[in-house]
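# Overview (structure and organization)
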Amino acid sequence: ELGLAVSGTKNELIARVVTHYDGLIESCQDSEDEREPWFAYYEEFASRNYTFLRSQGLIEKDQDIDKRFEHATDYLFERMLGHKPLNLPGSEQPDGALSFGDGLLMWDNKSKESRCSLKNHLAQFDRYFSKAEKKGIALLVIAPDFTEESSTEARLHEMQTGNKLALITAAQLKEVAKLWCASKDSGNPFPLKYLTATGRFDSALLSAVIPK
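Let us look at the structure shown here. (Residues numbered from 1 in each chain as written. Predicted model: local features only at pLDDT ≥ 70, side-chain atom pairs only at ≥ 80, totals over all residues. Heavy atoms only, no water.)

### With respect to the packing of helix α5 (residues 64–80) against helix α8 (residues 170–182)
Let me state the cut-off plainly: Between N-to-C directions, angles span 0 to 180 degrees; the directions come from axes that are lines fitted to C-alpha atoms, helices contributing only their stretch in contact. Elements are defined by DSSP. Helices are runs of H or I of four residues or more, strands are runs of E of two residues or more, and each kind is numbered from the N terminus. By the definition adopted for this analysis, an angle is roughly parallel if under 35 degrees, roughly antiparallel if over 145, roughly perpendicular if from 65 to 115, and oblique otherwise. Handedness of a helix crossing follows the sense of rotation of the near helix relative to the far helix, less than a right angle counterclockwise being left-handed and clockwise being right-handed. Contact between two residues is taken to exist if any of their heavy atoms lie within 4.5 Å; hydrogens are not considered.
Viewed as axis vectors pointing N to C, α5 and α8 meet at an angle of 25°, and their least axial separation amounts to 10 Å. Comparing their axes, α8 and α5 come out roughly parallel. Here α5 and α8 pass one another in a crossing that is left-handed. The segment α5 lies against α8, with Phe69, Leu76 and Met80 engaging Ala170, Leu173, Lys174, Ala177, Lys178, Trp180 and Cys181.

Written as structure tokens, this is what we have:
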């Protein structure tokens, strides 16, 4: 049941089980929200760290990673940044969206074992903008990291199409959520405008954006 090898002597089996449990990190199993432990290991879901996620009992099969990365993002916006994700009917939709003024801030999770290359997803993202029921103000792309040219590609793409693509790593977005929760303004919704700038998110802005 633990996915450990079953060969060896009794003492070897016992030692193997003890080693397994010694390696477990304290989790949030007592949380009323099943998404909380998925958010706790947000970066591991983003980078598809199969070995770690399996060892911690956070996934049962590889396909669990994508959905739990998405659900952890819902948790982040809803519970930590104070914005309720919208239900998006139909197909060809982003992974999530929030009301933002008279339009939408959309997002898409890209869990990858390597850096995300924006150019590989531009056609997909343009379809999100064209099929959105309200005006898409921006699309936030959440990935473990991005290729060096992705930020330039995002700015060029906005000039060509008018579609704003904001790039943020899972570690950066998690930091935003944690800092906001610890700030004096945590009782208010996080100002989404700071997540809509085309290109890479600049973590240096956090000290100005989030009052301590």
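### Examining the sheet that holds strand β5 (residues 199–200)
Operational definition: At least two DSSP bridges between two strands are needed for those strands to be called paired.
Strand order in the open sheet formed by five strands is β1-β2-β3-β4-β5, with mixed pairing between adjacent strands. Two strands in the sheet have a free side with no partner beyond their single neighbour: β1 (96–100) and β5.

### Regarding the side chain of Asp33
This is how it is decided: Think of a polar contact as two N or O atoms within 3.5 Å of one another; within protein, one of them needs to be a possible hydrogen donor and the other a possible acceptor, and neighboring residues in sequence only count if both atoms come from side chains.
Relative to the helices and strands, Asp33 is located in the loop between α1 (10–22) and α2 (36–40). A polar side-chain atom of Asp33 sits 2.8 Å from a polar atom in the side chain of Arg35. Side-chain polar atoms of Asp33 contact the side chain of Arg79, separated by 3.4 Å. Setting aside residues up to four positions removed in sequence, Asp33 forms contacts with Tyr75 and Arg79.

### Describing unusual backbone geometry
Rule in force here: Here's how the labels work: a residue is buried when its accessible area is under 20% of the maximum for its type, exposed when over 50%, partly exposed in between, all with a 1.4 Å probe on protein chains only.
Unlike most non-glycine residues, Arg48 shows phi in positive territory, near 55°. Tracing the backbone through its elements, the reader meets Arg48 in the loop between α3 (42–46) and α4 (50–55). Here Arg48 falls in the buried class, since its relative accessible area comes to 14%.

### Here we look at the pairing of β1
Within a regular strand, the side chains alternate between the two sheet faces. Here β1 pairs with strand β2 (residues 103–109) via five bridges, running antiparallel. When the sheet's bridge partners are listed, Phe100 is paired in β2 with Gly103. Where β1 folds back on β2, the antiparallel hairpin that results is connected by two residues, among which Gly101 adopts a positive phi of roughly 65°.

### Things to note about the packing of aromatic side chains
Quick note on the threshold: Pairing of aromatic side chains here covers Phe, Tyr and the six-membered ring of Trp, requires ring centres within 6.5 Å, and sorts the geometry by plane angle: under 30 degrees stacked, over 60 edge-to-face, intermediate tilted.
Inspection of every chain in the model, using the stated rule, returns seven aromatic pairs. Measuring from centroid to centroid gives 6.0 Å for Phe39 and Tyr42, while their planes differ by 40°, and the two rings are tilted. Residue Phe39 shares its accessibility class with Tyr42, and that shared class is buried. Feature note: the residues Phe39, Tyr42, Phe69 and Tyr75 constitute an aromatic cluster, connected by ring pairs.

### Some thoughts on the pattern of salt bridges
Condition: A carboxyl oxygen of Asp or Glu within 4 Å of a side-chain nitrogen of Lys or Arg is what we treat as a salt bridge.
Considering all chains together, one arrives at 13 salt bridges under this definition. The salt bridge involving Glu78 is made with Lys84; its shortest N-O contact spans 3.3 Å. A salt bridge links Lys164 to Glu158; the nearest nitrogen and oxygen atoms lie 3.8 Å apart. Taking relative accessible area as the criterion, Glu158 reaches 26% and is therefore assigned partly exposed. Taken together, the salt bridges that share partners define one network made up of Asp33, Arg35, Glu78, Arg79 and Lys84.

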